[in-house]
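One letter stands for each residue in the lines below.
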Amino acid sequence: MQSVLVYGRQFCRAVLGYLPYDASATFEFGQSTKRPMRLMTASCGFSKSPNNNFHNAHVNASAVFNKKGIFGDDACFVARFKSQDVLGVADGVGGWRDYGIDPSQFPGQLMKACERIVKNGNFTTSPVQIIATSYQELLENKSALIGSSTACIVIFDNDTHTLHSANLGDSGFLVVRSGRIVHRSEDQQHYFNTPFQLSIPPPGLATILNDSPESASSSTFAVKEGDIILVATDGLFDNMSEEMILKEIAKIKDQTFTSIQRAVDSIAERARELAYDPTYMSPFAQHARVNGIDFVGGKPDDITILLSAVQFEDEDFL
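Quantities reported herein were computed from a predicted structural model and do not represent experimental measurements. (Residues numbered from 1 in each chain as written. Predicted model: local features only at pLDDT ≥ 70, side-chain atom pairs only at ≥ 80, totals over all residues. Heavy atoms only, no water.)

S.K.: What should I look at first to understand the packing of aromatic side chains in this one?
M.R.: Each aromatic ring pair is described using two quantities: the centre-to-centre distance and the angle formed by the ring planes. Inspection of the entire model under this criterion finds four aromatic pairs. Judged by centre distance (5.4 Å) and plane angle (90 degrees), the ring pair of F284 and F295 falls under edge-to-face. One end of the pair, F284, is in helix α7 (residues 283–290); the other, F295, is in the loop between α7 and β16 (303–312), with 11 residues separating them in the sequence. Residue classification places F295 among the partly exposed residues on the basis of a relative accessible area of 27%. Following the ring pairs from residue to residue traces out a cluster consisting of F192, F284 and F295. A cation over an aromatic ring shows up here: R35 above the ring of F312, its NZ or CZ 4.2 Å from the ring centre. (Phe/Tyr/Trp six-rings, centres within 6.5 Å; stacked < 30°, edge-to-face > 60°. Helix = DSSP H or I, 4+ residues; strand = E, 2+ residues; numbered from the N terminus. Buried < 20%, exposed > 50% of the residue type's maximum accessible area, 1.4 Å probe, protein only. Lys NZ or Arg CZ within 6 Å of the ring centre and 35° of its normal.)

S.K.: How should I be thinking about the sheet that holds strand β5 (residues 84–91) in this particular structure?
M.R.: Sheet strands associate in pairs through backbone hydrogen bonding, adopting either a parallel or an antiparallel arrangement. The six strands lie next to each other as β3-β4-β5-β7-β8-β14, forming an open sheet whose pairing is antiparallel. What marks the edges here is a single partner per strand, and that holds for β3 (70–71) and β14 (217–222). Strand direction decides the pairing type here: β5 and strand β7 (residues 151–157), joined by six bridges, are antiparallel. The residue bridging G88 from the neighbouring strand is I153, located in β7. The strands that helix α2 (residues 105–119) touches are β3, β4 (74–81), β5 and β7; relative to β4, the one it contacts most, it runs at about 0 degrees. Taken strand by strand, helix α3 (residues 127–140) contacts β5, β7, β8 (162–168) and β14, and its axis lies near 135 degrees from that of β7. (Pairing = 2+ DSSP bridges. Contact = heavy atoms within 4.5 Å. Axes fitted to C-alpha atoms, helices over the stretch in contact; angles between N-to-C directions.)

S.K.: What am I meant to see in the environment of T124 here?
M.R.: Here T124 shows up in the loop between α2 and α3. Put simply, T124 and I155 are 31 residues apart on the chain and 9.6 Å apart in space, counted from C-alpha to C-alpha. In this structure the side chain of T124 is engaged in a polar contact, spanning 3.2 Å, whose partner is the backbone nitrogen of S126. (Polar contact = N/O pair within 3.5 Å; in protein donor to acceptor, adjacent residues only side chain to side chain.)

S.K.: Sorry if this is basic, but what is going on with the pattern of salt bridges here?
M.R.: Any two side chains of opposite charge can pair, on the condition that their charged atoms come close. If you walk through the whole model with that rule in mind, you get 15 salt bridges. Taking the shortest distance from any N to any O, the salt bridge between E313 and R38 comes out at 3.9 Å. One end of the pair, E313, is in the segment after β16; the other, R38, is in strand β1 (residues 37–46), and 275 residues separate them in sequence. Of the charged contacts, one joins D238 and K299 as a salt bridge, the two residues approaching to 3.2 Å between their closest N and O atoms. Highlighted residues: D238 in the loop between α4 (234–237) and α5 (242–249) and K299 in the loop between α7 and β16, separated in sequence by 61 residues. We note that D238, like K299, is buried. Linked through salt bridges whose partners overlap, the residues forming this network are R38, R80, D85 and E313. (Salt bridge = Lys/Arg side-chain N within 4 Å of Asp/Glu carboxyl O.)

S.K.: Where do I start with unusual backbone geometry in this structure?
M.R.: Backbone geometry follows two general trends: most residues other than glycine have a negative phi, and most peptide bonds adopt the trans configuration. The backbone of K82 shows a phi angle near 50 degrees, a positive value even though the residue is not glycine. Its location among the elements puts K82 in the loop between β4 and β5. A positive phi is found at S178, a non-glycine position, where the angle reads about 55 degrees. With respect to the helices and strands, S178 occurs in the loop between β9 (172–177) and β10 (180–184).

Put into structure tokens, the structure is as follows:
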């Protein structure tokens, strides 16, 4: 994500693979006894800088997310508290470099604050509350922090099998079931290539966009065993259509960690390859043309992807 002020992109969606979501038909109300589930999560990320290499990591019930969770100007975290798994990504606004400010600092600190709040159990099932509390911490930080980023947080309640989500900007998530998208985040744009964003501007700079955490699009969705949850920054969605993503997810055969990691690696590598293809009509290029901008090619950007399989809790998680 490059612009602090102007020009934005809306997520160019592929119609193929989409099923409309009817909350009244799918949310299982009133069930008090359910077999607990967990998320098996793998991650992969790339910085668009040629000096940064590929990174991946995995998370399960006993493992620790031991990577920095920083891929260029992107940041992410994976955390758990009691019966809730929480995933988050944030995409820093690269335009801050024009002011001599490191764009990775704001999203990195935001995701660290979110992770700390989750691990300490200082949250409800509201992802908006996690974003708002973390953002307030940054505002109150004695060390001056300047920057902007998008934010996407999902909470999976293992006991109720419910996914709670909040998305501010153009990062986002997909829920895939039996090869089809059954739920997705809402893309939030002010205008082409200018997503909603949290910001802390320097004193006297009043023209910076700054959306409130409460502006995030939120939802609640009942997931099932075998569902795949993908959370990513726009470096993925700008360069791969949903149809392409579904084809890669379809390669997951047994939902072991190895299979999930292989799939997320493949998705990230393919997105990075397409980002540097000057002849590729990417989702970003397609939407640029809709907005009257003559553009062809992928969009070089940082890429961060978290890929989770919804599984019943078993001895492997204990």
